[in-house]
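Breakdown of the fold
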Amino acid sequence: MAAFQRRLIDARGEFQGNGGGLMPRMLASPAAGAPSREEHAVTASGGGGVALRGASRPRGGAFSAAKATGRRRTAPGTPLWRVAVFASVALNVATLALLLHHYAVSHQHHPAAASPDQRHDTCVQPETSGAAARTVESKDRDTRAPSTGKPAVTHDSVINLDHGDPTMFEAFWRETGDAAEIVIPGWQTMSYFSDVTNVCWFLEPGFDQQVRRLHRTVGNAAVDGYHVLVGTGSTQLFMAALYALAPPNADGAGEPMSVVSTAPYYSSYPAVTDFLRSGLFRWGGDADTFVGDAYIELVCSPNNPDGAIREAVLNSDAGKAVHDLAYYWPQYTPITRRADHDIMLFTVSKSTGHAGTRIGWALVKDREVARRMTKFVELNTIGVSKDSQLRAAKVLRAVSDGYDDEHSSGGAMRSHRLFDFGRRKMVERWSMLRAAAAASGIFSLPDETTGYCKFANETAGNNPAFAWLRCDREDVVDCAGFLRGHKILTRCGSQFGADTRYVRVSMLDRDDAFDFFVRRLASLK
């Protein structure tokens with residue numbers, strides 16, 4: 001590259017040397033100014049022939065110097081068209097040499113080849129300055145950058161549906177404008193405290209208000225007479241509930257409280273329960289096989305991973321129940337009743353799709369249990385981010401506004417109804433998945449169920465956030481391993497206390513990932 005660049009520079013020098021000052025003569029201008037477009041339309045003979053069109057006024061230092069002198073120099077016997085041709089060649093050679101020099105210098109500092117994304121980001125954009133430049137850059141970044149670190153999916157990509165990352169909802173929130181946007185001044189949310197008169201003293205009043213409003217709008221949980229607690233996702237509140245419900249002397253002479261759930265159960269229940277090896281509680285396994293009176297039963301309904309509607313299976317005066325209702329929303333299941341359990345857990349990650357906000361909430365009847373749960377969060381993280389609470393409150397408000405006649409009567413919010421969007425997407429995706437499983441012939445799924453949804457005032461199907469997929473091919477005993485061999489990542493059934501022929505598949509990824517998944521699944525035999 002360096003040798004080629006030197007040859008170009010040498011060629012430029014040779015041309016300038018042999019040209020006898022053609023460049024200065026060409027760039028020089030008469031005192032009266034640059035020639036007009038008509039004056040350029042001349043030929044070597046001064047008569048007919050091909051005219052040179054599109055000549056423009058010269059720019060740069062040479063033009064300025066000629067104009068300053070006021071002199072006009074010509075080359076007798078040298079036609080103007082030839083001057084223009086030689087000048088054009090010389091300028092192109094010089095420009096090419098400068099570009100090649102810039103290329104060589106830039107790659108000297110950045111020798112690695114740029115990725116497609118990097119090449120896109122370094123494209124030359126029209127010059128914009130000040131606030132306008134920042135606005136253009138911000139809008140460009142907003143339209144390009146996804147909210148996840150996962151790369152774009154292609155035909156050869158590994159499709160990762162192991163996690164329940166709810167990026168499906170991105171499309172909805174991109175269309176809502178500023179309804180869910182928030183600006184937090186630098187002086188705001190600086191204190192640890194939100195409301196010292198509340199049991200949950202770090203709970204933002206605005207978030208409390210919007211949680212209660214949303215549940216009243218949907219009708220999926222009672223809120224009157226309940227304490228609202230906030231946590232960094234519902235997982236922290238799950239741990240807080242275990243802490244609050246375990247006997248105070250369990251870490252002394254007593255035995256740890258057994259924590260159980262009916263299989264297949266959420267794969268994180270055992271891991272989170274035993275992570276710190278607490279003397280207060282320990283994982284006890286499948287609730288259907290548990291023997292004993294003292295326990296904490298985890299009831300996930302609709303269930304993760306199979307979407308089944310669950311009730312507690314154990315009944316004892318010494319037993320307690322925690323109801324995980326993360327998926328009890330209209331996009332996943334019919335809202336058949338208003339839940340009114342002692343402890344109910346929810347999260348914005350599955351209700352609105354804002355997993356990155358890391359906000360969950362609990363509805364708790366008993367004040368002492370609520371106080372102990374709050375104490376756990378206080379000891380664990382000294383409260384919960386107020387910034388996240390304010391954002392979550394704005395998001396929940398936007399959802400409720402879509403179904404509030406006062407706010408949606410104009411039609412703007414009526415067209416942006418989260419649960420309607422989610423229901424359409426889930427119905428479409430489950431239809432595609434069932435067709436793909438049937439086309440393959442080696443996979444099966446749970447039977448479809450329906451119920452009357454009081455929120456939608458119609459009969460609706462159950463379309464869970466996860467698919468509980470079974471591989472029926474006789475020679476496949478590890479379904480997750482089999483799918484991994486075809487570049488599909490899922491979560492093995494053994495992590496849910498079930499057979500390895502089962503896998504859990506997320507139904508909440510972006511459209512491109514889900515489309516590649518169903519096509520690939522249909523091709524497996």
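By the naming in an unreviewed UniProt entry, the chain is Alliinase C-terminal domain-containing protein, taken from Lolium multiflorum. According to the UniProt record, the Sequence similarities (unreviewed entry) comment for the chain reads "Belongs to the alliinase family."

1. Remarks on the sheet that holds strand 4 (residues 281–286)
The strand order across the open sheet built from seven strands is 2-8-7-6-5-3-4, with neighbouring strands paired in mixed fashion. Unpaired on one side and paired on the other, strand 2 (227–231) and strand 4 mark the two borders of the sheet. Neighbour-to-neighbour, the strand axes of this sheet turn through a mean angle of 25 degrees, independent of strand direction. Examined bridge by bridge, strand 6 (residues 319–324) and strand 7 (residues 343–347) share two bridges and lie parallel to one another. Looking at strand 7, one finds that His323 is bridged to Met344. The sheet strands contacting helix 10 (residues 233–245) are strand 2, strand 3 (257–261), strand 4, strand 5 (295–300), strand 6, strand 7 and strand 8 (360–364), and the helix crosses strand 7 at an angle near 160 degrees. Its contacts with the sheet place helix 13 (residues 367–381) against strand 2, strand 7 and strand 8, and it is angled at close to 15 degrees to strand 2.

2. Remarks on the pattern of salt bridges
Counted under the stated rule, the structure contains 17 salt bridges. Glu255 is the salt-bridge partner of Arg282, the closest N and O atoms lying 3.6 Å from each other. One end of the pair, Arg282, is in strand 4; the other, Glu255, is in the loop between helix 10 and strand 3, and 27 residues separate them in sequence. Under the relative-accessibility criterion, Glu255 is labelled exposed at 57%.

3. A closer look at a nonpolar patch on the surface
Among the surface-exposed residues, Tyr192, Phe193, Val196 and Ile382 lie close enough to one another that they form a single nonpolar patch of about 460 Å² accessible area. Summarising the element assignment, Tyr192 is placed in the loop between helix 8 (170–174) and helix 9 (205–218).

4. Remarks on the packing of aromatic side chains
Scanning all chains against the criterion turns up 23 aromatic pairs. A centroid spacing of 5.5 Å and a plane angle of 45 degrees characterise the contact between Phe172 and Phe421, whose relative ring orientation is tilted. Placement of the pair is Phe172 in helix 8 and Phe421 in helix 16 (residues 418–440), with a sequence separation of 249 residues. The class for Phe421 is buried, based on a relative accessible area of 13%. Among the aromatic residues, ring-to-ring pairing joins Phe207, Trp329, Phe346, Trp361, Tyr403, Phe419 and Phe455 into one connected group. Across the ring face of Phe514, the terminal group of Arg429 is positioned such that the distance to the ring centre comes to 4.9 Å. Here the guanidinium or amino end of Arg504 rests over the ring plane of Phe466, the centre of that ring lying 3.8 Å away.

5. Looking at the packing of helix 9 against helix 14 (residues 386–401)
Relative to each other, helix 9 and helix 14 sit at 30 degrees, their axes nearing to 9 Å. Considering the angle they form, helix 9 stands roughly parallel to helix 14. Remark: the crossing between helix 9 and helix 14 carries left-handed chirality. Across from Gly206, Phe207, Gln210, Val211, Arg213, Leu214 and Thr217 in helix 9, the residues of helix 14 making contact are Gln389, Ala392, Ala393, Leu396, Arg397, Val399, Ser400 and Asp401. Among the residues forming the contact of helix 9 with helix 14, the class breakdown is seven nonpolar, five polar and three charged.

Reading the values: the criteria
- Residues numbered from 1 in each chain as written.
- Predicted model: local features only at pLDDT ≥ 70, side-chain atom pairs only at ≥ 80, totals over all residues.
- Heavy atoms only, no water.
- UniProt positions renumbered as here; feature names shortened; annotations may be inferred.
- Pairing = 2+ DSSP bridges.
- Helix = DSSP H or I, 4+ residues; strand = E, 2+ residues; numbered from the N terminus.
- Axes fitted to C-alpha atoms, helices over the stretch in contact; angles between N-to-C directions.
- Contact = heavy atoms within 4.5 Å.
- Salt bridge = Lys/Arg side-chain N within 4 Å of Asp/Glu carboxyl O.
- Buried < 20%, exposed > 50% of the residue type's maximum accessible area, 1.4 Å probe, protein only.
- Patch = residues over 30% accessible without salt bridge, like charges linked within 9 Å, V, L, I, M, F, W, Y side chains within 5 Å.
- Areas by Shrake-Rupley, 256 points an atom, 1.4 Å probe, with all protein chains shown as cover.
- Phe/Tyr/Trp six-rings, centres within 6.5 Å; stacked < 30°, edge-to-face > 60°.
- Lys NZ or Arg CZ within 6 Å of the ring centre and 35° of its normal.
- Parallel < 35°, antiparallel > 145°, perpendicular 65-115°, else oblique.
- Left-handed = near helix turned anticlockwise from the far one by under 90°.
- Nonpolar A, V, L, I, M, F, W, Y, C, P; charged D, E, K, R; others polar.

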